[in-house]
Amino acid sequence: MKRRLLGAVLALTLLVTGCATVPTQGNIRQGSREGLTQGGIGVGVEAKPPRDNLTEVELVNGFLEAMSDSRAFDVARQYMTADAAAAWKPETRTIVYDQRPGSLSPQSGSGVKLTARKIATVDERGEWIPAAPGADRADFLFKVAKVDGQLRVASVPPGVYLGSNQVDLKLAPRDLYFFNPGRELLVPDPVYLPVNQSQGQAATQLIQELLKGPTKSLGNGVVSLAPPGTEVQVSVPVEFGVATVALNDTAAALRDQDRRLLAAQIVWTLNQINLRARITVGGAPLLPDDPDVLPFTNFSQYDPSVPGGAMTTLYGLRQGRVQRVEGLDGASDIAARPLDSSLLHGQIAESFAVSLRGDSGAIVTTIDGEKVVAYGPLDNTDNSDKTDDLVRIKTQGTVLRPSYDNDDNLWIMDRADKATPRLRVRNRDGKLTAVTVSFRGDTPLVLRMAPDGVRALLVMRSKATGKTYVETGAIQTGPDGKQLLLGSLRKLELALTDMTDAAWNKQGVLVAGASGSASNADRAPWLVNPDGSKLQLLPGASTDFITQRLASNPNKDTLPAVEDVDGHVHWQTRDLTWTAMEDDANAIPFIPVYPG
């Protein structure tokens, strides 16, 4: 076993985090989604009213600084004419632009022009919508007029303009939590909300957004247990780290189990800002048989990261035969052992997927001259070696590696090389269901389903350019409420090239790709938020090998693994060093796979 020191600990941020200008009834203070320290608030440019006798450029610069503070839109309006101030609607969207020296330039007789690259637009719900690199612009002409002898902005911006150097100071990523259709797992719905507010304002903002329902990125693919019309009665006060969520009577008709699920949504949403929850409906406890202050641990079974030891076991293919890697826990030497007790081991596989419980698997293989997806137990308890005992699903054309979700659904994409790729899902009872999908002529290369069975992650090749890109989508239902479809497809618009793989990770999404900088010209693992924001090189990424494939899943204890271009496997330890599975440079190539 060989341990490689990390080549460089880099955290090069290529895209800043997202932002939002949401309704002004309470904002969110800065912090991670996993929880915040008490009392930490964002800092940045403080909004100040305009001074007398400003130049045109000074006026517009002050206006941009003032509008960056969501608490001070009234101050920003002081920079505007009365008509422009009345027409301006800062809550509609935020345009994040690449702020650089010289972005503002005076235009003779017409005002001041902002010339900048657009990084993203964030809509009224806080959804981050990436801008296409090199294509979308944030240019805007700020017209100027005199009012009582002083210059004022006469243009009406289409929302708020926020410079890239202010994003992390003014806004923070949050997750709203909804349930997957089986109501077994929570599904995070990422939004970006303002910081710099008290815990009470933060809690109020989060619960208000939660009760509005999911954003467009998830759509009807998830379930909210809050009946339409459910609201907090006034606000969400916080005392000694406990948020009191007083819901109106609309939620009173919920059954006991649905009350518990609604409580889980609220408790998980507030936990990310280090708050515990007391929840009432019409003045009475939402869960009368539970403690007054609901412990977070009472709702841990809905964890979207799917805790459990089975998720951390590494599997793979060597010469087409299914294998399990032993020794990652330090109990024995690290080695790949054939799963020769499984019927799957008797077949030559193109690809391999393992269920989240680690008890079954699926391979793409050819049996009797026919390409199929074959699935079965990883350990054959009856010692049968009959190929006929394998369950087979017929396929056509190019077949991507299958993917499992937490409900043991097996997702299969075939015809990937055709104009109309086909997506199907086999449930635990063996029923096969078609999922409507349209990729606009582009070619799917990789499909990874999240454990919730709602969120899909894809690597695609563009028909127009031949280049690869990463996009996300959500399994939803059509207008009839029955037909499944893969909808809300959204490119992450990453500043990477030659992307070959992507995988879900505890911190978001891992992508194998290369950047345009000389120091990162080789393909490496990159980390990005699921909405495409905050792209950075995976901390501890090594320059000792070039990444080809990735193995990862959202479990917090799963160690990311990489197959390099020579077929050798490396995984990242907790101290950010990389360990090679074998010392022999001539070892037979191994394709790593984690459950999922």
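Quick summary incoming for the structure in this document.

Once that is clear, we can look at the environment of Ser 110. Along the chain, the position of Ser 110 falls in the loop between strand S3 (104–107) and strand S4 (111–114). Between the alpha carbons of Ser 110 and Phe 142 there is a distance of 8.2 Å; along the sequence they are 32 residues apart. Not counting the four nearest positions on each side in its chain, Ser 110 is found in contact with Leu 141, Phe 142, Lys 143 and Val 144.

Interaxial distance between helix H5 (residues 199–211) and helix H6 (residues 256–271) falls to 10 Å at its minimum, and their mutual angle equals 140 degrees. On the basis of the axis angle, H5 is oblique to H6. Crossing of H5 over H6 shows right-handed handedness. For the pair H5 and H6, contact is made by Ala 203, Leu 206, Ile 207 and Leu 210 and by Gln 265, Ile 266, Thr 269 and Leu 270, respectively.

Right, let's talk about empty space enclosed by the protein for a bit. Rolling a probe over the atoms, with the probe sized like a water molecule, indicates the empty space that remains. Under the defined criterion, the tally for this structure stands at three cavities of 30 Å³ or more. Considering only enclosed or pocket space, the largest cavity measures out at about 140 Å³ in volume. The wall of the largest cavity is formed by 21 residues, among which Arg 448, Ser 552, Asn 553, Pro 595 and Gly 596 lie closest to the centre.

Think of it this way: side chains of opposite charge can pair up when their charged atoms draw near. Applying the stated criterion across every chain yields a total of 28 salt bridges. In this structure, Arg 490 and Glu 127 form a salt bridge, with 3.1 Å as the shortest nitrogen-oxygen distance. One end of the pair, Arg 490, is in strand S31 (residues 484–491); the other, Glu 127, is in the loop between strand S5 (118–123) and strand S6 (128–130), with 363 residues separating them in the sequence. The partly exposed category is assigned to Arg 490, whose relative accessible area is 22%. Here Glu 127 falls in the buried class, since its relative accessible area comes to 2%. The partner of Asp 368 in a salt bridge is Arg 392, and the shortest N-O contact between them spans 3.7 Å. In this pair, Asp 368 is assigned in the loop between strand S21 (360–367) and strand S22 (370–377) and Arg 392 in strand S23 (residues 391–394), connecting sequence segments 24 residues apart. Judged by its relative accessible area of 72%, Asp 368 is exposed. In this structure, a network of salt bridges that share partners links the residues Asp 98, Arg 100 and Arg 117.

The next subject is the sheet that holds strand S32 (residues 497–505). Pairing between sheet strands relies on hydrogen bonds along the backbone, with the strands arranged either parallel or antiparallel. Strand order in the open sheet formed by four strands is S32-S33-S34-S35, with antiparallel pairing between adjacent strands. Edge positions in the sheet fall to S32 and strand S35 (536–537), since each of these pairs with one other strand and no more. Pairing geometry for strand S33 (residues 508–514) and strand S34 (residues 524–528), over five bridges, is antiparallel. Bridge assignment links Ala 512 to a residue of S34, and that residue is Pro 525.

Sheet topology places strand S26 (residues 422–426) next to strand S27 (residues 432–436); four bridges connect them, and they run antiparallel. When the bridges of S27 are listed, Arg 424 appears paired with Ala 434. Between S26 and S27, which pair antiparallel and follow one another directly, the connecting turn spans five residues, one of which, Gly 430, has a positive phi of 95 degrees.

Let's shift gears to the pairing of strand S28 (residues 443–449). With five of seven residues buried, S28 lies mostly within the body of the structure. As paired elements, S28 and strand S29 (residues 455–461) share six bridges and run antiparallel to each other. Looking at S29, one finds that Met 449 is bridged to Ala 456. Here S28 folds back onto S29, and the loop between the two strands holds five residues, one of which, Gly 453, carries a positive phi near 75 degrees.

The subject of this paragraph is the environment of Thr 543. Along the polypeptide, Thr 543 turns up in the loop between S35 and strand S36 (547–551). When the C-alpha atoms of Thr 543 and Ala 524 are compared, they prove to be 8.0 Å apart, with 19 residues separating the residues in sequence.

Reading across the sheet, the eight strands line up as S24-S25-S26-S27-S31-S30-S29-S28 and stay open at both edges, with mixed pairing between neighbours. Because the sheet does not close on itself, it has two edges, and the strands there are strand S24 (403–404) and S28.

Rules behind the numbers
Residues numbered from 1 in each chain as written. Predicted model: local features only at pLDDT ≥ 70, side-chain atom pairs only at ≥ 80, totals over all residues. Heavy atoms only, no water. Helix = DSSP H or I, 4+ residues; strand = E, 2+ residues; numbered from the N terminus. Contact = heavy atoms within 4.5 Å. Axes fitted to C-alpha atoms, helices over the stretch in contact; angles between N-to-C directions. Parallel < 35°, antiparallel > 145°, perpendicular 65-115°, else oblique. Left-handed = near helix turned anticlockwise from the far one by under 90°. 1 Å grid on protein atoms, 1.4 Å probe; cavity = no way out; pocket = protein on both sides within 12 Å on 5 of 7 lines; lining within 4 Å. Points joined across faces, edges and corners; volume = space filled by probe spheres on them. Salt bridge = Lys/Arg side-chain N within 4 Å of Asp/Glu carboxyl O. Buried < 20%, exposed > 50% of the residue type's maximum accessible area, 1.4 Å probe, protein only. Pairing = 2+ DSSP bridges.

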